[in-house]
Structures are given as structure tokens and as C-alpha cells.
Amino acid sequence: MSVSRLKAWLGAGLLATAQLASGYALDLGSKESVEAVTSTLSSLASNAPRLALKLTPEGLKKQLEDPEFIASLVSGVESLIDGLNTGRHRRRLTPNVAPLVPQEHRPSAALRKRLDVDGVQIPSFEEWFQIDIDDLGLSAVSTASSKSGKEAPPALSKLTLELIHRLNKLDTVASVHALQQGPPPAVNPNDDPRSGNQGYLNAAPQGINARYAWTITGGDGARVGIVDMEQGWNLNHEDLRAANITLISGRNRDYPDHGTAVLGQMLMADNQIGGVGIVPAAKGRVISQSRPDGSYNTAATILDACNNMASGDILLLEAQEFDPVGGQYYWPVSVADANHEAILVCTGRGIIVVEAACNGGNDLDVYRNLSNKRIFNRAFPSEYRESGAIMVGASSASVPHFRLGYSNHGSRVDVYGWGENIDTTFTNADGTANNLYTTGFSGTSGASPIIVGAAAAVQGIAQARLGRKLSPARVRTILTTSGTASRTPSSDRIGVLPNLKAIIDGGHIRV
């Protein structure tokens, strides 16, 4: 994937098409989406479509009795495959079925029992499987030109989307979505020459006032752990090397420029080069969605991360997802049920999860999932789905801050950060340049690290003052208290920009 294409996807120019809230109507007579796989997406289409599928209790019982049960479900759509494809694409499906989450990454029975007592129902992930359709001969992703002639955002191919919809209608299937890679959605500062460019460090209303937090013991993130989940980084960058950031698991290979920019916002060293991170004393680590076996698996990555974290640590989800309903990209990772359940495990264990709202320009309040539930709309508690994560939208750098057009928004979005003009570390597409910087990092990808920095400052101060870190619910409440409102809250709907000085001086850092 070219760097120019990545930058275009992360920018505001290419917005996802409107969500089909009432459902997805597939044109079975059309074949163009099957054939419209461009060579520029070859890196995303190198593997055949893979699906995550959750069985109902009845379905799981049948799978345990007959290991070919799931394969038989997929084979049931063979007539659909033959109807859509001819010639070289007319093949039989040979789905390989495996657990979605390895046993060692699943929450233990003891943990689930303890959290169930606390009122949090934690899934076992025993009912989740991944299906690798290795003989389909088609890509899971297609692109097409929009009516304006510009390239449209990536989307699931119609064939993959039809598989999802048909499987989801089966009585023994509880949920299904695609497993498909896509691009990710970013002290003494006086001797850091670029510090003056980092307006997000400044006092409200411009920034979060990290500079004030640095004057408070723990406000630099000391004794706080941060894990960034995405796909690639340059950990040898000159302004990150001193942070000693390590890889928990997965392959460090894709979009290293993006990951390097994210890490810089939080963890740039307090030295005489570059800038300074919001919490330069925090301990940073990374984990990749590109798993050691080469697969792409967000839910398993989230669970692996939280198994290697302590209560009170912060997990940043720098990723976007394909919507299982309409197949479009640029949705929060929790739109996929397995990811939502994995986040629930993390927050249940006391880990702070910060989730990018992502860059589709979508109103999350009107979204309905495959069960026709408004899972992101807090005004409908019977349908709303709470994970405990802090969701982040993107605003202008200028004051008064306003929602940037590409930012997803709605009642689910708790807070916002700058989504443009972000000064931070950078690298080349190969991740080998160790001395590059940018003044133009953007998107909810850039907004979310600002919120992680604010959360880490709060946790560091809590550790110093209280001798303990705070719960995910408490941290979310604190960050949304006394923050800077956007220009027009009723239409922006991206929450507030945290104000660390108001939080600290207002006495909000308490149990």
C-alpha cells in the first residue's frame, strides 16, 4: 500500500458512504464488486476472506459433537457462490475452521466467576471460531470509484458480505463478521526544540494542559503502563529510543509511519531533540494485530494485550473495522462483536481502554447492527451496548474546537482530541528513518493518543496521591468532567477535550 494512499485514507477527503441503517440489500445480479479488486489493494487481499463466527449454545453443542458442523454451515451457501461466479471462480468451498482466540488468551474460569459476582458477564470465547475459506479464489476487499470519480474507501466485497448476512440468519449462529486487515485510523520541555509546536500540550481551551500536569507528582505518567495496538512502528526513532518501548507479540511490519506518530504524541523523550510526549515517564509497549502466524485478528490481540497488562494500565486501540452490515470501512473496532467482547474482558479486569471513534464521518447514533440494535446510542439503553471503553472523536486544532467532518460522532463518543496539525515523530514507509518528524498527523488516530496521555497523567497522579490507580469507569468520568466543550456540542457530538488543570485543581482524582 502506498504512503500517499494511506495518508488519503487517514485524511478527510475520502469518507465512508452513508450507513444503511435499515439493513443491507444485496444486488445478486451484479458481478462488478467481485471483479473490482485493484492491484493497489493487493497487500490487503493477499489472503482469502476470513470470518469470525460465534455460535449459539445449541450451535456450540453441535460443533463439539461434530467438528465439521461449521464447515457444513458454510457449505450451505455453495449455491450462492456458484450463482455469483462463473469460469475460474466456480469452485467448491473448503473452509478451514479454528478457534478465534487461542486457549491461552481466553479469560480464565476463575476470572469470569469473580467478575460475574461484580455484575460483569465476561464471555469465555469458547463459542467463537475463525473460518479461513482458502479455496474461494476471491478477495475479501473491493474498491470502486465513487460517483465523483474518486476512489471510494475500502469495503468488503459483495460476496464476503453476503456470506456474513446469510450465516447470520442461521438459528445456530449468534454473530459473524469479517477478519480483514485495513489501515489504522497519534517534564522539562524547554530544551525540546519542537515542544512549541505541540499546541495540544497547552492550557485549555487550546489543549489538555499537560504542561500543568507535569508540575504535579505523577503527572508525567510515572508508574503507568501504556500499550498501543496497531500494526507497525519504528521503535528505534531518535526521540523514542530512550523510552525502551517493547513489542508484546505479533509482527511489526505494516504502517510504521502511523504507529511511530502515535507513540511520539505519548512517549517522546524529555531530551534535547524533537518534541516531548504527553507522559514521557510512562512505560510504553506495543502489540500487533498481525499475529505471529501471519493472520489478522483484533479480538485475539486485545485479549493477549490485557493478559500482559496490570489493572490501571491503558490500552490504546489504534484500529478501524469493516461494518458487518454494510461492509464499509472506518468504523470503531467495537462494531464487531468479538472485539466488543474482548474489550469487555479488558475493562472488567480494570484496564483502561481508549478506542478511536474512527474516520468515517458516520453518526453512530443511527447505526443498527445485524440484530437491528442501536448499539452505539445511549438514548436507547435496551439496545445500547456498553464496553467500558473511552471513545474518542476528532476536532479542529483551532479554538473554538469543532468536529472535523470525517470524525464519527454521536452519544457514544466521550471525549475528543486534536484531529489535525499534530506535531510528532514520524518515519518512512519502511520504518527505517530514525530522525523524521511531522506537523500534519491527523484523524481520530491523532486524537486518541492525546486522550491516552490525559488518562495516564490522571493515573500517575492517582498512584502518587492515593497509592492506587483508578477504575476504567472512574477514569472515564474524570476525563469528561470540567472539559472544554466543542464549538457546537449539540451538532458536534464528540464530547469534551479533557482539561488536566481543572481535573487536578478540582479535586476530581479520587476513588
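Rules used throughout
Residues numbered from 1 in each chain as written. Predicted model: local features only at pLDDT ≥ 70, side-chain atom pairs only at ≥ 80, totals over all residues. Heavy atoms only, no water. Core = buried A, V, L, I, M, F, W, Y, C linked by side-chain atoms within 4.5 Å. Buried < 20%, exposed > 50% of the residue type's maximum accessible area, 1.4 Å probe, protein only. Helix = DSSP H or I, 4+ residues; strand = E, 2+ residues; numbered from the N terminus. Contact = heavy atoms within 4.5 Å. Salt bridge = Lys/Arg side-chain N within 4 Å of Asp/Glu carboxyl O. Lys, Arg positive; Asp, Glu negative; His and termini not counted. Polar contact = N/O pair within 3.5 Å; in protein donor to acceptor, adjacent residues only side chain to side chain. Pairing = 2+ DSSP bridges. Phe/Tyr/Trp six-rings, centres within 6.5 Å; stacked < 30°, edge-to-face > 60°. Lys NZ or Arg CZ within 6 Å of the ring centre and 35° of its normal.

(A) Main features of the nonpolar core. One finds Leu-263, Ile-314 and Leu-479 to be the most contacted residues of the largest nonpolar core, which totals 74 residues. The greatest single-element share of this core, amounting to 11 residues, is contributed by helix 12 (residues 444–466). Once residues within four sequence positions are removed from consideration, Leu-479 is found in contact with Ile-390, Val-415, Ile-451, Ala-454, Ala-455, Val-458, Val-496, Pro-498 and Ile-503. Within the second largest apolar cluster, 32 residues are counted, among which are Val-101, Met-229, Ala-299 and Ala-300.

(B) Main features of the pattern of salt bridges. All told, the structure shown has 15 salt bridges when counted by the stated rule. Note that Arg-412 is salt-bridged to Glu-386, the shortest N-O span being 4.0 Å. With Arg-412 in the loop between strand 12 (390–395) and strand 13 (415–418) and Glu-386 in the loop between strand 11 (352–356) and strand 12, the pair connects residues that are 26 residues apart, well separated along the chain. We classify Arg-412 as buried; its relative accessible area is 2%. The partly exposed category is assigned to Glu-386, whose relative accessible area is 33%.

(C) The side chain of Asp-323, seen in detail. Tracing the backbone through its elements, the reader meets Asp-323 in the loop between strand 10 (314–317) and helix 11 (337–348). Buried and unpaired, Asp-323 has Arg-385 as its nearest opposite-charge partner, separated by 9.4 Å. Here the side chain of Asp-323 touches Gly-326 through a polar contact of 2.7 Å, landing on its backbone nitrogen. For Asp-323, the side chain forms a polar contact with the side chain of Tyr-367, separated by 2.7 Å.

(D) Local environment of the pairing of strand 12. Burial of strand 12 is extensive: six of the six residues sit out of reach of the surface. Burial along strand 12 is two-sided: Ile-390, Val-392 and Ala-394 facing one way and Met-391, Gly-393 and Ser-395 facing the other are all buried. Bridge analysis of strand 11 against strand 12 gives three bridges, and the strand direction is parallel. Its bridge partner lying in strand 12, Glu-355 is registered against Met-391. Taken together, the four bridges between strand 12 and strand 13 define a ladder with parallel strand orientation. By the bridge assignment for strand 13, Ser-395 is matched with Trp-418.

(E) Local environment of the packing of aromatic side chains. This structure, assessed with the given rule, holds five aromatic pairs. Residues Phe-322 and Tyr-329 carry aromatic rings whose centres are separated by 4.5 Å and whose planes lie at 40 degrees to one another, so their mutual orientation is tilted. According to the relative accessible area criterion, Phe-322 is buried, its value standing at 2%. When its relative accessible area of 1% is taken as the criterion, Tyr-329 is described as buried. An angle of 50 degrees between the planes, with centres 5.3 Å apart, marks the rings of Tyr-329 and Tyr-330 as tilted. For Tyr-330, a relative accessible area of 0% corresponds to the buried category. A network of ring pairs unites the aromatic residues Phe-322, Tyr-329 and Tyr-330 as a single cluster. In this structure, Arg-374 packs its charged tip against the face of Phe-380, placed 3.5 Å from the ring centre. Sitting above the plane of the Tyr-212 ring, Lys-501 keeps its charged end 5.0 Å from the centroid.

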